[in-house]
Each structure stands twice: as structure tokens, then as C-alpha cells.
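Chain and residue survey
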Amino acid sequence: MSPIALHARRLSRTYRTTSPPVHVLDGIDLEVRDGEFIVIMGASGSGKSTLLYCLSGMDRPTGGSVELAGTDLTVLTAKEMSRIRLTRMGFVFQQAHFLANLSIRDNVLLPALNASPNDPDGASSRVDMLLERFGIAELAGRRITQVSGGQIQRASICRALVCSPEILFADEPTGALNTSMTTDVMDALTQVHADGTTLVMVTHEPACAARAERVIYLRDGTVVDELRLGAWTAAEAVPREDRLLAWLRARDF
Ligand code: ADP
Ligand code: MG
């Protein structure tokens, strides 16, 4: 079996700004293997985004620990954590948050220049390779107002991969897209997984979740169940989705 890429133990996140306190995550244990594609599902408000943010060091859990390839993230300083986020993790959100006055290419380039300011040529050729690989090389010079939502998300995947992260986190990456753009973006993410990057994705769309090897189901901040789907193949897309749908319905999804 592959080594563990990400390991959460008794992870909790409580908000004490309200009375009574809100236990958004309540003792989550989770192991993600190197190169695995895992999806987090659950009703709105069940804690999916909070879990993703605690796993990726964007939010600090109030209890428990998270290890990235053996490094405990919960004891790092903010500076150490942001270095790890920049160099070893990639992020794709529902909205790309690209800078409107820069080209697509420069938006993708920015984090690479940040991470290795002494190697602009290396960063530049990696950007061109990624734009080519994800089919948007011809859009490199455009602004975000001049491309479709699906193309923007493919560009955000390139941006997330520009520092060659070992793990990619995605929170509802297709949440703002229509069906054909969703398929496009999921094809790109399936490619990311095929290239060996560990992938942790939150989605509420069964067709997207069916791409994963494993789906975990969150309810009120705890993992109540998991479904192992195995490696994805396009030929089995329909039966996989049917199997996932039946599983979800039995969990009141
Ligand atoms: P999901 O992504 O599954 O929709 P979230 O992780 O965004 O859920 O939120 C889970 C719960 O945490 C929600 O009930 C939300 O109201 C609560 N929550 C999020 N942020 C705060 C906060 N700053 N203070 C109090 N409660 C919060
Ligand atoms: Mg969310």
C-alpha cells in the first residue's frame, strides 16, 4: 500500500463565538494515501469546507492533529505553514480569484515566481507546459473576462499545479459551472490524479464524486461512512454514478 500523504487524528474545530459553542468538526480520523483521489460529501453545513481548510492548514483545528507526509501541521508557525501551502499544496476553489488586470498566463505564473524568485525561466516553462497540458495554451494572453468559466477553472488547476504540489485540495471546483464545463474540469482533475498528485475534493455533485476512488460522507462534523469505488474508468462512469447515488440516497442525501 502507498504511504500516507495526509493523516488527521481526532480533528476538531469548535467556534466559541456563539453560545452555545458550535462543534463544526467533531473528532475526525482520516488517512489519505499517496496518489489517492478522495471526495468529501455531506449536506450543506455538515463541515466539508471546514474539514478541507483544517487539512490544508488554512484554518487551525481546535483539537487533534494533521500530518502531511509525517509533518505535524498543527504545530507550525504561520510563516512555516504558508511556505508549505505555497510549495507543497495546491488549491482550487469555486471561484478562481484571478487578478483581473493580469493575463491568464501571468496569474498562473505568480505563485511560481513567489516560490522560486531565482528561477523565472523554470517557472515560465512550467506554466507553458501546464497551459498546453490542460488545453488552454491559446488563451494565455487573455484576461479572465475574455474566457469561459470552465476555462478559468482549468487555468486555476494550472495555477494550483505550478509549484508541483504533492497534494491538491479542491472545494466545489465545479460549483459555478454548467454540465459541459463541469465535465471538462473533472477531466482535467482526473488527469491530475493520473499524473500521481494526491487529490482531496469537496463536491455535492454525484457525477463529480464518481470520479474518486473513495468517497467519505460527513454529517454534523463527523465521518459517518465511506464508499470505496476503486480506480475510475470512463467506460464505467454510469454504473459508478448509479452505485454512488444509491449509497447517497441511503444516507438521506
Ligand atoms: P459545508 O462546507 O459542509 O457547507 P462549512 O464547513 O462551511 O460547511 O460550515 C459548517 C458549519 O460551521 C456551518 O453550520 C456553519 O454555520 C458553521 N460555521 C462556519 N464558520 C463559522 C464561524 N465563523 N462561526 C460560527 N459558525 C461557523
Ligand atoms: Mg462548503
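These notes cover the structure that comes with them.

The rules behind these values
- Residues numbered from 1 in each chain as written.
- Chains lettered and ligands numbered in written order.
- Predicted model: local features only at pLDDT ≥ 70, side-chain atom pairs only at ≥ 80, totals over all residues.
- Heavy atoms only, no water.
- Pairing = 2+ DSSP bridges.
- Helix = DSSP H or I, 4+ residues; strand = E, 2+ residues; numbered from the N terminus.
- Axes fitted to C-alpha atoms, helices over the stretch in contact; angles between N-to-C directions.
- Contact = heavy atoms within 4.5 Å.
- Parallel < 35°, antiparallel > 145°, perpendicular 65-115°, else oblique.
- Left-handed = near helix turned anticlockwise from the far one by under 90°.
- Nonpolar A, V, L, I, M, F, W, Y, C, P; charged D, E, K, R; others polar.
- Expected span 1.5 Å × (residues − 1).
- Buried < 20%, exposed > 50% of the residue type's maximum accessible area, 1.4 Å probe, protein only.
- Polar contact = N/O pair within 3.5 Å; in protein donor to acceptor, adjacent residues only side chain to side chain.
- Near = heavy atom within 4 Å.
- Areas by Shrake-Rupley, 256 points an atom, 1.4 Å probe, with all protein chains shown as cover.

Taken together, the six strands give an open sheet; going across it, the order is E6-E7-E8-E3-E9-E10, and neighbouring strands pair in mixed fashion. Lying at the two open borders of the sheet, with one neighbouring strand each, are strand E6 (89-92) and strand E10 (222-228). In this sheet, neighbouring strand axes are inclined to one another by 20 degrees on average, regardless of whether the strands run parallel or antiparallel. Helix H1 (residues 48-55) contacts strand E3 (37-42), E6, strand E7 (167-171), strand E8 (198-202) and strand E9 (214-219) of the sheet and is inclined by roughly 155 degrees relative to E7.

At a minimum axis separation of 9 Å, helix H3 (residues 104-115) and helix H4 (residues 120-133) run at an interaxial angle of 135 degrees. On the basis of their axis angle, the class for H3 and H4 is oblique. Crossing of H3 against H4: the hand is right-handed. In this structure, H3 contributes Arg105, Val108, Leu109, Ala112 and Leu113 to the contact, and H4 contributes Pro120, Ala123, Ser124, Val127, Asp128 and Leu131. Among the residues forming the contact of H3 with H4, the class breakdown is eight nonpolar, one polar and two charged.

Now for helix H5 (residues 149-161). Compared with an ideal rise of 1.5 Å per residue, which puts 13 residues at 18 Å, H5 spans 19 Å between its outermost C-alpha atoms and is within 8% of the ideal. When you tally the buried positions in H5, you get eleven out of 13 residues, the bulk of the element. Turning to H5, its buried residues number three or more, namely Gly150, Ile152, Gln153, Arg154, Ala155, Ser156, Ile157, Cys158, Arg159, Ala160 and Leu161. Each element contacted by the buried residues of H5 is listed here: E6, H3, H4, E7 and helix H6 (179-194).

It is worth spelling out the side chain of Thr198 at this point. By the secondary structure assignment, Thr198 is in strand E8. Take Thr198: its relative accessible area is 0%, and that puts it in the buried class. A distance of 2.8 Å separates a polar side-chain atom of Thr198 from the backbone nitrogen of Gly35. In this structure, Thr198 is in contact with Ala5, Val32, Arg33, Asp34, Gly35, Glu36, Glu166, Ile167 and Leu168, ignoring residues within four places of it in sequence.

For Asp128, the position within the fold is in helix H4. The spatial distance from the C-alpha of Asp128 to the C-alpha of Leu109 is 9.3 Å, given a sequence separation of 19 residues.

Attention now moves to the sheet that holds strand E1 (residues 4-15). Taken in spatial order, the four strands line up as E2-E1-E4-E5 in an open sheet, and their pairing is antiparallel. Of all the strands in the sheet, just strand E2 (22-33) and strand E5 (71-72) have a single pairing partner and so form its edges. Of the strand pairs in this sheet, E1 and strand E4 (residues 63-68) are connected by five bridges, and their pairing is antiparallel. The residue of E4 that forms the bridge with Ser12 is Gly63. Sheet strands in contact with H1 are E1, E2 and E4, and its direction is about 125 degrees off that of E1.

Near ligand 1 you find Tyr15, Thr17, Val24, Ala43, Ser44, Gly45, Ser46, Gly47, Lys48, Ser49 and Thr50, and these make up its full shell. Measuring from an oxygen atom of ligand 1, one finds a backbone N or O atom of Gly47 at 3.1 Å. Coverage of ligand 1 by the protein amounts to 60% of the 570 Å² it exposes when considered alone. If you tally residues by element for the shell around ligand 1, the top one is H1, at three residues. Looking at the shell around ligand 1 residue by residue, the class counts come to three nonpolar, seven polar and one charged.

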